Amino acid sequence: MSPLAQTLLDALHALLEFAPPLVLAALGGVLSEKSGVVNIGLEGMMRFGAFFAAAVAIGTGNPWLGLVAGALAGATSAALHALLSLRYRADQVVSGIALNLVAMSLVTFLLEAIFGSAGVSPPSPQLPRIFGHSALTWLAVVLPLAMHWIFTRTALGLRIRAVGEHPRAAATAGVSVLKLRALCVIGSGALAGLGGATLSIGILGQFDVRMPAGQGFMALAAMIFGKWTPLGAAAACVFFALAEVVQRSLSLTFHAADLHLEGLFLALPYALTLLLLALSRGRTRAPAADGVPYDPEGR
Amino acid sequence: MASSTWRQSLFAPARAPLWSALFAILCALTICFIAILATGKDAVNGYADLLQGALGGARPLGESALKGSVLVLTGLSVTVAFTVGLFNIGAEGQFIWGALAAAVVGNALPLPAFLAIPAALGAAALAGGLWALIPAWLKTARGVHEVISTILLNWVAIDLVNGWLVSGPLSVATGSADVSVAGTAAIRDEAFLPRLFAQSGSRLDLGLPIALAIAALVWLFLTRTRRGFEWRCVGAGPDAARAQGIPNARCIAEAMFLSGALAGVAGALIILGTEHRYPGVFRTGYGFDGIAVALVGGVTAPGAVLAGFFFGALRAGSTRLQLVGIHPSFAELIQGLAVLLVAAPRIFAPLLARLRGRASVSATAGVGASSEVGGAT
């Protein structure tokens, strides 16, 4: 094989490692915000997903059960966000931030309580690899297309978009706004949980206390950059993953670790994300009722 | 990310902030108590140790007040940004730049103490304030939501300072092979914050009066000056404020600068008071905790002082928890749960209404109770 083809293949391989956690979480963000609920808690939901996927996979020896546990953990924490922001009409940003704070400390606490470690869990069984990547990677490839189809071609998708754009009108047409929003938030948490599970039982094969290291927020940025659409968000995630791949290879090429320059390279993807957000002004458009609490008895 | 509505809902809990906060903290403490029991550890002794480590004697009290002073400032930082309707998640990054600026200036300038300390504090305020102007500009000029931009800027600050500056260009270990001693050179003795009760073994330093004085000034500014009023107008209703001729963008920039400056000074207190250099490993989380302090404090300056010292005591006490095998991150768990509960004041609405109902028998406070329950308009 020619060197160029080999380089491209390596890059594709790396891309299929870095992008899936972001893609899954970003799709979760799209699902929640399309229905009108801001989800800053993606980071925390990913963390719960990553931890419980690893813990259950280690406990049962079965990575597939770990995968289910990761999705359930994400969905459960999202249900709390739904309860607070829909039932008790809490501020959605504050509720999401609070969820992140709880996820940060609770998972650290559980890691210590269950595995007696402040850093990493023991190695966990990993998901079997299909064509060199876990099933979750391939899910992340297919899911953006599936979600695009749901949003644009099905009645369910239309209803979700309707409660996010004009809940009062959707309610008049017979859609149960709060119920549908709750479902979307819970689904969003399940996706973020799967994104977290990709990190722990898909890629690394153990849980690291630093997970997901800001990837939930990157996913949120990708969602905004992708204009709240599944395909746009997925494309943005691929771009961010590409930036990560380039950052790592540059870091290696320039011997960043020896020269104490690592931080400079690590900061690059975040700075780049910010720059892109700053440049994409005016072309992005959030769902009209995103973040607006819905009161069934209101005017 | 429509942000106009959550401002209103943020100001809504201010109707009964003290009760909400107390209920939330009580619930959080109970949940955590059960969590410790569930892991098979001794919860009663754990909480006794927590109390001992927070309040038992001069040294623990000093630690509590020391940590509390820093949290008061980061809490004020988040509170000030809230007044113009911005959610500053970036106090951590601003804290880090402030700490670095204090370490560099405290080391570089040969000044007497009465100049060295203000110089270092001023540099820290400037560094934190300038870093906070980035999200302010992104918000007003480019429409980037501040929650996203401040979070990303935290990572940029952490990576740039901890991963590069402190282990590279500003490191005392530059050139030598030993990376483990990385960290900046120690600050001059003149820049050390004087300890208030050194003879009692307490590390409590001048940071406490500094933090309290700043808190009082911020409170006076926000509630008693024209500019403070303008900021609150922008936070409560940007369109109405603009219609009255209050420039939104200028108010947001000013408030974010002050917000960042407060977080920067908080970082300086740690460096000048206890660390005396920017250490090679420095992940304190004081900036993140400022979010909890501000929210549990009901987004007011006096509330930030109360919540800051409470969480400071919790932080100091939680170091003792390791004795019974409980991870010190436990304090953060209590904090997170408390925020989760104050985020939804309506959870406590029925309870509050009942309390108010009793009070209104003797006083004419019934109006507040009815608006609390019937506030679903």
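Being a predicted model, the structure only gives us computed values, none of them experimental.

Side note on the packing of aromatic side chains
Alright, step 1. This model, assessed by the stated rule, comprises 14 aromatic pairs over all chains.
Alright, step 2. Ring geometry for B:Phe33 versus B:Tyr47: centroids 5.2 Å apart, planes at 90°, classification edge-to-face. Separated by 14 residues along the polypeptide, B:Phe33 in helix H2 (residues 17–38) and B:Tyr47 in helix H3 (residues 43–55) bring together distant segments of the chain.
Alright, step 3. Overall, B:Phe33 belongs to the partly exposed group, its relative accessible area being 27%.
Alright, step 4. Residue classification places B:Tyr47 among the buried residues on the basis of a relative accessible area of 18%.
Alright, step 5. Taken together, A:Phe48, A:Phe51, A:Phe52, A:Phe115 and A:Phe207 form an aromatic cluster joined through their ring pairs.
Alright, step 6. One Lys or Arg, A:Arg87, reaches over the ring of A:Tyr88 and ends 4.9 Å from the middle of that ring.
Alright, step 7. For the cation-ring pair, B:Arg315 lies above B:Tyr286, with the distance from its terminal atom to the ring centre recorded as 3.9 Å.

Some details on the environment of B:Ala28
Residues and elements named next belong to chain B.
Alright, step 1. Tracing the sequence through the fold places Ala 28 in helix H2.
Alright, step 2. Since its relative accessible area comes to 0%, Ala 28 is described here as buried.
Alright, step 3. In sequence terms Ala 28 and Leu 333 are 305 residues apart; their C-alpha atoms lie 8.3 Å from each other.
Alright, step 4. Those residues in contact with Ala 28 that sit more than four places away from it in its chain are Ile 334, Leu 337, Ala 338 and Leu 341.

Regarding the packing of helix H2 (residues 42–60) of chain A against helix H9 (residues 215–225) of chain A
All names here are of chain A.
Alright, step 1. Relative to each other, H2 and H9 sit at 135°, their axes nearing to 7 Å. Taken together, the axes of H2 and H9 are oblique relative to one another. Along this stretch, H2 crosses H9, giving a crossing that reads as right-handed. On the side of H2, the interface is formed by Leu 42, Glu 43 and Met 46, while H9 contributes Gln 215, Gly 216, Phe 217, Ala 219 and Leu 220.

Some details on the interface of chain A and chain B
Alright, step 1. Counting residues at the interface gives 54 residues for chain A, matched by 49 residues for chain B.
Alright, step 2. A per-residue breakdown of the area chain A buries against chain B is headed by A:Phe109, A:His260 and A:Leu274, which together make up 15% of the total.
Alright, step 3. Linking chain A with chain B are two residue pairs in polar contact (both at pLDDT 80 or more).
Alright, step 4. Each residue belonging to the side of chain A that touches chain B can be placed in one class, and the counts come to 37 nonpolar, eight polar and nine charged.

Observations concerning helix H4 (residues 58–83) of chain B
Alright, step 1. The end-to-end C-alpha distance of H4(B), which contains 26 residues, comes to 36 Å, matching closely the 38 Å that a straight helix rising 1.5 Å per residue would cover.
Alright, step 2. The positive-phi residue at the C-terminal boundary of H4(B) is B:Gly85, with phi of around 85°.

Focus: the pattern of salt bridges
All names here are of chain B.
Alright, step 1. Under the definition given, this model contains 13 salt bridges over all chains.
Alright, step 2. When the shortest N-O distance is used, the salt bridge between Glu 63 and Arg 203 registers 2.8 Å. Within this pair, whereas Glu 63 is found in helix H4, its partner Arg 203 is found in the loop between helix H7 (146–165) and helix H8 (207–224), the two being separated by 140 residues in sequence.
Alright, step 3. A residue is classified by how much of its surface remains accessible, and Glu 63, at 12% relative accessible area, is buried.
Alright, step 4. Overall, Arg 203 belongs to the partly exposed group, its relative accessible area being 27%.

Topic: the confidence of the model for chain B
All names here are of chain B.
Alright, step 1. For chain B, the average pLDDT comes to 82, and 87% of its residues sit at 70 or higher.
Alright, step 2. Counted against residues more than four places away or in other chains, residues 1–9, with its pLDDT under 50, gives 28 contacts.
Alright, step 3. Taken as a whole, residues 362–377 scores under 50 in pLDDT and shows 15 contacts with residues more than four places along the chain or in a different chain.

Focus: a nonpolar patch on the surface
All names here are of chain A.
Alright, step 1. On the surface, Leu 242, Val 246, Leu 250 and Phe 254 cluster together into a nonpolar patch covering about 320 Å² of accessible area.
Alright, step 2. Assignment of secondary structure puts Phe 254 in the loop between helix H10 (230–253) and helix H11 (262–279).
Alright, step 3. According to the relative accessible area criterion, Phe 254 is partly exposed, its value standing at 47%.

Re H11(A)
Alright, step 1. Look at H11(A): 26 Å from first C-alpha to last across 18 residues, which is about the 26 Å you get at 1.5 Å a residue.
Alright, step 2. The largest bend in H11(A) is about 35°, located at A:Leu268, with the proline A:Pro269 one to four residues further on.
Alright, step 3. A:Gly263, A:Phe265, A:Ala267, A:Pro269, A:Tyr270, A:Thr273, A:Leu274, A:Leu276, A:Leu277 and A:Ala278 are the residues of H11(A) that are buried.
Alright, step 4. On its buried face, H11(A) sits against H9 and H10 of chain A together with helix H6 (113–142) and H7 of chain B.

Focus on unusual backbone geometry
Alright, step 1. Omega for the bond connecting A:Met211 with A:Pro212 falls within 30 degrees of zero, at -5°, which places this linkage in the cis form.
Alright, step 2. Secondary-structure assignment places A:Pro212 in the loop between helix H8 (177–204) and H9.
Alright, step 3. The backbone of B:His276 shows a phi angle near 60°, a positive value even though the residue is not glycine.
Alright, step 4. Examined against the element boundaries, B:His276 turns out to sit in the loop between helix H11 (248–275) and helix H12 (286–296).

The rules behind these values
Residues numbered from 1 in each chain as written. Chains lettered and ligands numbered in written order. Predicted model: local features only at pLDDT ≥ 70, side-chain atom pairs only at ≥ 80, totals over all residues. Heavy atoms only, no water. Phe/Tyr/Trp six-rings, centres within 6.5 Å; stacked < 30°, edge-to-face > 60°. Helix = DSSP H or I, 4+ residues; strand = E, 2+ residues; numbered from the N terminus. Buried < 20%, exposed > 50% of the residue type's maximum accessible area, 1.4 Å probe, protein only. Lys NZ or Arg CZ within 6 Å of the ring centre and 35° of its normal. Contact = heavy atoms within 4.5 Å. Axes fitted to C-alpha atoms, helices over the stretch in contact; angles between N-to-C directions. Parallel < 35°, antiparallel > 145°, perpendicular 65-115°, else oblique. Left-handed = near helix turned anticlockwise from the far one by under 90°. Buried area = accessible area lost by both parts, 1.4 Å probe. Polar contact = N/O pair within 3.5 Å; in protein donor to acceptor, adjacent residues only side chain to side chain. Nonpolar A, V, L, I, M, F, W, Y, C, P; charged D, E, K, R; others polar. Expected span 1.5 Å × (residues − 1). Salt bridge = Lys/Arg side-chain N within 4 Å of Asp/Glu carboxyl O. pLDDT = per-residue confidence, 0-100. Patch = residues over 30% accessible without salt bridge, like charges linked within 9 Å, V, L, I, M, F, W, Y side chains within 5 Å. Areas by Shrake-Rupley, 256 points an atom, 1.4 Å probe, with all protein chains shown as cover. Bend = angle between axes of the 7 residues up to and from the residue.

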